[in-house]
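# Breakdown of the fold
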Amino acid sequence: MDWLTDNYVNILRGFGETLRLLGASGALALVLGTLVALARVSPVPILRGVGTFYVTIFRNTPLLVLILIAYYGLPEIGIDFGFFINISLAMGTYTAAFVAEAIRSGFNGVPLGQAEAARAIGMPFMTSMSQVVLPQAFRLVVPPMASVYIALTKNTSLAATFGIAEATFRMRGLFNDYASQMIQIFVGISLGYILIVAVISWIATAFERRWAVA
């Protein structure tokens, strides 16, 4: 276990970087995905078209391709927020397409009468969506949203390819330094990822229980 006792600080830093990636890209995905979902159900044809185009493009483009574009392409055209933010942007915009579809499924699960009642009392589309439909939709999509964020947790490992010192990057370094303990290292790092996934699942369950009582 000398790989752990000698390197636990770097391992913790690696998982800290993983959590930073997850938090930054996850927050972007939630905000952007919600906006795209609203566009998908908008009564304005142009907005619906934009939303559909976004989901179609980003769901069918490999995440690695988007990261390559963000890592190498954006700086070439003068858009460079730093490697970490550029990669977070790629992961966030990719995940937003899946968040949008999850939220749109929640919209479809809200009884049609709710939106019709809101329009009947004179609520504009955005007001009825934000105050009536969207809160109910979020309650319905907790399990699929948890699945999306679990997938994002796994996707953060792609950042190791580009030198971001997250958990997978640290694991590769440990493989090189402690080749005779590769199985233990793999199991140990895997347990760290499992812990993150367990926390996401626990948070999702807590939200479900809270909203079920409400």
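Residues numbered from 1 in each chain as written. Predicted model: local features only at pLDDT ≥ 70, side-chain atom pairs only at ≥ 80, totals over all residues. Heavy atoms only, no water.

Going by what an unreviewed UniProt entry lists, the protein is known as Amino acid ABC transporter permease and is assigned to Aeromicrobium phragmitis. Database annotation for the protein, UniProt heading Subcellular location (unreviewed entry): "Cell membrane". In its Sequence similarities (unreviewed entry) section, UniProt records this for the protein: "Belongs to the binding-protein-dependent transport system permease family. HisMQ subfamily." (UniProt positions renumbered as here; feature names shortened; annotations may be inferred.)

The helix and strand inventory of the protein stands at ten helices and zero strands. Each helix and strand of the protein, ordered N terminal to C terminal, gives the series α-α-α-α-α-α-α-α-α-α. In terms of principal-axis extent, the alpha carbons of the protein reach across some 70 × 50 × 25 Å. Counting the 214 residues in the protein, one finds 40% classified as buried. (Helix = DSSP H or I, 4+ residues; strand = E, 2+ residues; numbered from the N terminus. Buried < 20%, exposed > 50% of the residue type's maximum accessible area, 1.4 Å probe, protein only.)

Glancing now at the pattern of salt bridges. The final tally for this structure, using the stated rule, is four salt bridges. R20 is the partner of E17 in a salt bridge, and the nearest nitrogen-oxygen pair spans 3.2 Å. Note that E17 and R20 are positioned in helix α2 (residues 8-40) at a spacing of three residues, about one turn of the helix. What makes E17 buried here is its relative accessible area of 18%. Among the charged side chains, a salt-bridge network with shared partners connects R40, R59, E101 and R104. (Salt bridge = Lys/Arg side-chain N within 4 Å of Asp/Glu carboxyl O.)

Looking at the element boundaries, L4 is found in helix α1 (residues 2-5). For L4, a relative accessible area of 31% translates into the label partly exposed. The spatial distance from the C-alpha of L4 to the C-alpha of L68 is 32 Å, given a sequence separation of 64 residues.

A few words now on helix α4 (residues 63-76). Here α4 contains 14 residues, and its C-alpha end-to-end distance of 20 Å stays within 8% of the 20 Å for a straight helix at 1.5 Å per residue. Of the positions making up α4, those classed as buried are L63, L66, I67, A70, Y71 and L74. On the buried face of α4, the contacting elements are α3 (45-59), α5 (83-109) and α8 (142-155). Two residues or fewer after α4 comes G78, characterised by a positive phi angle close to 85 degrees. (Expected span 1.5 Å × (residues − 1). Contact = heavy atoms within 4.5 Å.)

Looking now at a nonpolar patch on the surface. Residues I183, F186, V187, L191 and I194 make up a contiguous nonpolar surface patch of roughly 520 Å² in combined accessible area. Assignment of secondary structure puts V187 in helix α10 (residues 182-213). (Patch = residues over 30% accessible without salt bridge, like charges linked within 9 Å, V, L, I, M, F, W, Y side chains within 5 Å. Areas by Shrake-Rupley, 256 points an atom, 1.4 Å probe, with all protein chains shown as cover.)

The next subject is the side chain of S42. Among the secondary structure elements, S42 is positioned in the loop between α2 and α3. Residue S42 is classed as buried on the basis of its relative accessible area of 4%. With residues near it in sequence (within four places) discarded, S42 still touches L47, R48 and F125.

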